[in-house]
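# A closer look at the structure
As a plain string of letters, each chain reads:
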Amino acid sequence: MIELMAEQPDDRWEVEALYDLCFAPGREALSSYRLRDGVPPVAGLSQVARDSDGILAAAIRFWPVLAGTAPALLLGPVAVHPTRQGEGLGGSLIRDSVAKAEETGWARVMLVGDAPYYRRFGFTKLTGVEMPPPTNPDRVLGLALQDAAWDGVHGQVRRWKG
Ligand SMILES: CC(C)(COP(=O)(O)OP(=O)(O)OC[C@H]1O[C@@H](n2cnc3c(N)ncnc32)[C@H](O)[C@@H]1OP(=O)(O)O)[C@@H](O)C(=O)NCCC(=O)NCCS
């Protein structure tokens with residue numbers, strides 16, 4: 001039995017340890033991390049998944065960014081502990097968090113990731129929206145949470161000014 005819950009400040013280092021386990025060393029050197037520097041993740045949308053013993057099984061975080069001038073959510077990192085992968089947990093976390101984002105009025109969500117995985121949630125390649133280099137443009141994906149929310153959105157993705 002796995003329970004999803006909002007990430008709390010005390011979860012922070014456990015989540016970082018999970019990300020260190022699941023991603024290649026140096027993950028924080030990625031350009032997408034520069035959009036996160038000094039900006040807290042979006043409370044409520046960033047979630048952890050724990051088993052019945054309280055062991056961390058997965059985590060997802062979201063940051064606010066500006067795509068051109070449009071507010072957007074940056075999804076990620078999302079990671080599932082290697083012993084729990086392939087059980088649908090990543091999908092549950094993504095669907096649940098994206099539904100919460102929609103309920104709370106966010107219009108659009110984006111990420112840098114593998115299209116073959118994320119297309120099942122409705123993400124498609126964003127054209128005209130540029131992540132800080134070096135980012136493979138084929139991995140810049142978006143999902144509209146409101147009608148046509150990505151239409152006409154273009155320009156560089158920048159750090160949220162707060
Ligand atoms: C990617 C990740 C979050 C998926 O979570 P998960 O709980 O293992 O995945 P789910 O059980 O929801 O989905 C499993 C399906 O996704 C597919 N899948 C997983 N990662 C994939 C990828 N990178 N590209 C394409 N398909 C992928 C699996 O093959 C499986 O396909 P199937 O449903 O046809 O059998 C998880 O594997 C993980 O933490 N990986 C390491 C960190 C990472 O790469 N994070 C994502 C960064 S873009």
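Scroll up to find the structure.
Below you will find a few notes about this structure. Within each chain, residue numbers correspond to sequence positions counted from 1 in written order. Whole-chain, interface and lining totals are the exception, using all residues; otherwise, since this is a predicted model, local features are given only for residues with pLDDT of at least 70 and side-chain atom pairs are given and counted only at 80 or more.

On to the pairing of strand β2 (residues 47-50), then. For two strands to be treated as a pair, DSSP must find at least two bridges joining them. Counting from the N terminus, the helices are the DSSP runs of H or I reaching at least four residues and the strands are the DSSP runs of E reaching at least two. Pairing geometry for strand β1 (residues 3-6) and β2, over four bridges, is antiparallel. Counterpart to L4 in the pairing with β2 is A49. The pairing of β2 with strand β3 (residues 56-67) spans four bridges and is antiparallel. Along β3, the bridge assignment pairs A49 with A58. Joining the antiparallel neighbours β2 and β3 is a turn of five residues, in which G54 adopts a positive phi near 85 degrees.

Okay, the site of the ligand next. Near, for a residue, is defined by distance from a backbone-placed C-beta atom to a molecule or strand, with 6 Å as the limit that must not be exceeded. Surrounding the ligand, one finds 16 residues, the nearest of these being Q85, G90, G91, G113 and Y117. Counting residues per element, the ones that place at least two in the shell around the ligand are β4 (70-80), α3 (89-103) and α4 (115-118). Across the shell around the ligand, the residue classes break down as eight nonpolar, six polar and two charged. In this count, Pro and Cys sit with the nonpolar residues alongside Ala, Val, Leu, Ile, Met, Phe, Trp and Tyr, while Asp, Glu, Lys and Arg are called charged and the others, Gly among them, polar.

In this section: the environment of R61. Within the secondary structure, R61 is located in strand β3. Exposure classification rests on a simple neighbour count of other C-beta atoms within 10 Å of a residue's own: a residue reaching 20 or more is buried, one at 12 or fewer is exposed, and one in between is partly exposed. C-beta atoms are placed from the backbone. Of the residues examined, R61 has 22 C-beta atoms within 10 Å and is grouped as buried. Along the backbone, R61 and D138 are 77 residues apart, and their C-alpha atoms lie at a distance of 22 Å. Look past the residues within four positions of R61 in its chain and what remains in contact with it is P41, S46, G76 and P77. Contacts are defined on C-beta atoms placed from the backbone: any two residues whose C-beta positions lie within 7 Å are in contact.

On to α3, then. By this rule the span expected of a helix is its residue count minus one, scaled by 1.5 Å. Under the 1.5 Å per step criterion, the end-to-end length of α3 is 21 Å for 15 residues, consistent within 8% with the ideal 21 Å. Residues L93, I94, S97, V98 and A101 constitute the buried set of α3. Across the axial projection of α3, the buried residues extend over an arc of 115 degrees, all falling on one side. Looking at α3, the residues exposed on the side facing more than 90 degrees away from the buried face are A99 and E103. On the buried face of α3, the contacting elements are β1, β2, β3, β4, β5 (108-112) and β8 (140-144). Note: the arc covers the axis-to-C-beta directions of the helix.

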